[in-house]
Amino acid sequence: MKAATLGLARRVEELLKLKRTMLSRLESRLSRREVEAAKKDHHARRKPRPCGMTIHTGIGCNLGCLYCYVPDMGFPLKPSPYPLSGEQLVYALLSNPYFVPGPQGTLLAFGSVTEPFLEETKERAIEYLKYTHEHLGNPQQLSTKATLSDDEIDLFVKSVDPNINILVTIVTLRYAKLLEPNAPLPDERMAFAEKLARRGISVTLFMRPIIPGITDKEAEHILIKSQEHGIRSVVLGSLRVTPGILRRLEASRIVDVNEIRRRLPRAPRSSGDQVTIIENDLKERIARIARRLGLQVLPSSCSANVWSHKLWCYACKWGPCGDPSNAIGVSRDDIVAAAEILGCNKPRVSIKKWLAELRCKRITRRPDVIAVWLETLIRRSVRVLTY
Ligand code: SF4
Ligand code: SF4
């Protein structure tokens, strides 16, 4: 087990200093207007989600997947590249108090509320991958159901973190044209996955959302085909529905919406309310098939990112994930010293399995910022309280 010690506190000090230095270096290259736009952007404020910091490469998506909740979040159907340049995105991330730079820092997840490789957005996506890789070095992951040409693959491979993890989404072979009307066909996605895998890129099958009666019935076929195309791991994910998604799926006349309703823990409360249906039984069944075929079943997208970067994480009950030889050993003293640097006065620490609890007499930095920094560096869940 690796000790976090070089000290954890010294690493925190160095990383905080690095952020300041990089920000002032970038400020000298960007215009005042560019700096202001980057500071106001949500990448400069947002708290990372458990899968890491999601990076928006565009606004809107026109692939028209019937199960997509992005239109219900108010995003347009007509896509456009995200308005920040690559340098501005790096500036925004460095301005974000939660963001920890570097290969052991915040996980970056590209393409959460859009498809990154749309015609309109792929250039921006590759620009963001290149700039964040060159300037920050954080672990990268990208989810897609689109494809790139051979020339674009060359550019992509040259631009990105060599350990990047690509999640290729496939939830049906038979009904893709109906459920994902404008997306490349699953066969094209598989061919794309294979080209990436041949170039040494880590590719994971993203079977999300599992549509009851469709994905579970086709799962074995999808898994076998994926394996034939060089995919070695799979992440399974549940379907989230809004009233709009239920309507669209019902109108398709191929999805049994009554079965989806039966699996709802509660009805959506408003048009934008996303409710995840209960499908642990389907997930377990698909996971059993995947394991039997020799695929690695990962509990979440962050797990695929952690594995492809040979990192280790035990920040939730699904863990530990990743390379056990890189497990991070932490002591109470490590956390106490790092917490003091981060603004926690007279820290008291207790560690239980994947959760560290930190109590501070006074706090000079936002408690959730302290928690996210420690969580990122020790890869455990951290709760910050006062006493
Ligand atoms: S590709 Fe993704 S963002 Fe685009 S419509 Fe489909 S699910 Fe939504
Ligand atoms: S333990 Fe695994 S699933 Fe949980 S946050 Fe870490 S990488 Fe993700």
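Here is what the cut-offs are and how they apply
Residues numbered from 1 in each chain as written. Chains lettered and ligands numbered in written order. Predicted model: local features only at pLDDT ≥ 70, side-chain atom pairs only at ≥ 80, totals over all residues. Pairing = 2+ DSSP bridges. Helix = DSSP H or I, 4+ residues; strand = E, 2+ residues; numbered from the N terminus. Axes fitted to C-alpha atoms, helices over the stretch in contact; angles between N-to-C directions. Contact = placed C-beta atoms within 7 Å. Expected span 1.5 Å × (residues − 1). Bend = angle between axes of the 7 residues up to and from the residue. Buried ≥ 20, exposed ≤ 12 C-beta atoms within 10 Å, placed from the backbone. Near = placed C-beta within 6 Å. Nonpolar A, V, L, I, M, F, W, Y, C, P; charged D, E, K, R; others polar. Domains from an automatic or database assignment. Core = buried A, V, L, I, M, F, W, Y, C linked by C-beta atoms within 7 Å. Parallel < 35°, antiparallel > 145°, perpendicular 65-115°, else oblique.

**Quick word on the sheet that holds strand E17 (residues 355-360)**
Across a sheet, strands are paired by hydrogen bonds formed along the backbone, either parallel or antiparallel in direction.
Stage number 1. Strand order in the open sheet formed by three strands is E16-E17-E18, with mixed pairing between adjacent strands. In this open sheet, the two strands that pair with only one neighbour each are strand E16 (348-352) and strand E18 (381-386). Across this sheet, the average inter-strand angle for adjacent strands is 15 degrees, counted without regard to direction.
Stage number 2. Sheet analysis places E17 next to E18, joined by six bridges and oriented parallel. When the sheet's bridge partners are listed, Glu357 is paired in E18 with Arg383.

**A word on the sheet that holds strand E9 (residues 233-236)**
Stage number 1. Pairing within the open sheet is parallel, and its seven strands lie in the order E2-E5-E6-E7-E8-E9-E12. Each edge of the open sheet is held by one strand with a lone partner, namely strand E2 (53-55) and strand E12 (296-298). With direction set aside, neighbouring strand axes in the sheet form an average angle of 25 degrees.
Stage number 2. Note that strand E7 (residues 165-169) and strand E8 (residues 202-207) share five bridges and pair parallel. Bridged to Thr169 within E8 is Phe206.
Stage number 3. Of the strands in this sheet, E8, E9 and E12 touch helix H11 (residues 280-293), which is tilted by about 180 degrees from E9.

**A few points about helix H8 (residues 215-228)**
Stage number 1. End to end, H8 covers 19 Å across 14 residues, agreeing with the expected 20 Å (1.5 Å per residue, within 8%).
Stage number 2. When the local axis directions of H8 are compared, the greatest deviation, roughly 30 degrees, occurs at His221.
Stage number 3. The complete set of buried residues in H8 reads Thr215, Glu218, Ala219, Ile222, Leu223 and Ser226.
Stage number 4. Looking at the buried positions of H8, the neighbouring elements they touch are helix H7 (186-198), E8, E9 and H11.
Stage number 5. Gly230 occupies a position one or two residues after H8 and carries a positive phi of about 90 degrees.

**Considerations on the site of ligand 1**
Stage number 1. Around ligand 1, the surrounding shell consists of Cys61, Leu63, Gly64, Cys65, Cys68, Val70, Thr114, Glu115 and Lys145.
Stage number 2. In the shell around ligand 1, the residues fall into five nonpolar, two polar and two charged.

**Details of the site of ligand 2**
Stage number 1. Around ligand 2, the surrounding shell holds 13 residues, and the nearest of these are Cys302, Cys313, Cys316, Gly319 and Cys321.
Stage number 2. With three residues, the single largest contributor to the shell around ligand 2 is helix H12 (residues 301-308).
Stage number 3. Classifying every residue of the shell around ligand 2 gives 10 nonpolar, three polar and no charged.
Stage number 4. Residue assignment places the shell around ligand 2 across two domains, with domain 1 (1-30 + 312-387) and domain 2 (40-311) each supplying three or more.

**Some points on the domain arrangement of the protein**
Stage number 1. Domain annotation for the protein reports domain 1 (1-30 + 312-387) and domain 2 (40-311).
Stage number 2. Domain 1 and domain 2 are separated by 28 Å when their C-alpha centres are compared.
Stage number 3. Listed as interface residues are 22 residues of domain 1 and, on the opposing side, 24 residues of domain 2.
Stage number 4. Class assignment of the residues belonging to the side of domain 1 that touches domain 2 gives a composition of 15 nonpolar, three polar and four charged.

**As for unusual backbone geometry**
Stage number 1. With omega at 5 degrees, the peptide bond leading from Arg208 into Pro209 counts as cis.
Stage number 2. Inspection of the secondary structure assignment puts Pro209 in the loop between E8 and H8.
Stage number 3. In this structure, the amide linkage connecting Gly319 to the following residue, Pro320, adopts the cis form with an omega of -5 degrees.
Stage number 4. Examined against the element boundaries, Pro320 turns out to sit in the loop between strand E13 (312-313) and strand E14 (321-322).
Stage number 5. The backbone of Lys346 sits at a positive phi, close to 50 degrees, despite the residue not being glycine.
Stage number 6. Tracing the backbone shows Lys346 in the loop between helix H13 (332-341) and E16.
Stage number 7. Given 12 C-beta atoms within a 10 Å radius, Lys346 is considered exposed.

**Re the nonpolar core**
Stage number 1. In this structure, Tyr67, Met207, Val234, Ile335, Ala339, Leu358 and Leu374 are the most contacted members of the largest nonpolar core, which totals 106 residues.
Stage number 2. Looking at which element gives the most residues to this core, the answer is helix H14 (residues 367-378), with seven residues.
Stage number 3. Domain assignment of the residues forming this core places at least three in each of domain 1 (1-30 + 312-387) and domain 2 (40-311).
Stage number 4. Setting aside residues up to four positions removed in sequence, Ala339 forms contacts with Cys344, Pro347, Leu358, Cys360, Ile370 and Leu374.

**Considering the environment of His309**
Stage number 1. Inspection of the secondary structure puts His309 in the loop between H12 and E13.
Stage number 2. With 164 residues separating them in the primary sequence, His309 and Lys145 have C-alpha atoms 22 Å apart.

**Observations concerning the packing of helix H4 (residues 122-135) against helix H5 (residues 150-159)**
Stage number 1. Relative orientation of the contacting elements H4 and H5 amounts to 25 degrees, with a least axis distance of 9 Å. The orientation of H4 with respect to H5, classified from their angle, is roughly parallel. Facing H4, whose interface residues are Lys122, Ile126, Leu129, Lys130 and His133, H5 presents Glu152, Leu155, Phe156 and Ser159.
Stage number 2. Taken together, the residues that form the contact of H4 with H5 break down as four nonpolar, two polar and three charged.

**Quick notes on the pairing of E17**
Moving residue by residue along a regular strand, the side chains alternate between the two faces of the sheet.
Stage number 1. Of the two faces of E17, only the one carrying Ala356, Leu358 and Cys360 is buried; Leu355, Glu357 and Arg359 on the other face are not.
Stage number 2. As defined by bridge partners, E16 adjoins E17 across five bridges and the pair is classed as antiparallel. Across the sheet, residue Ile351 finds its bridge partner in E17, namely Ala356.
Stage number 3. The loop that links E16 with its antiparallel partner E17 comprises two residues; one of these, Lys353, has a positive phi angle of about 45 degrees.

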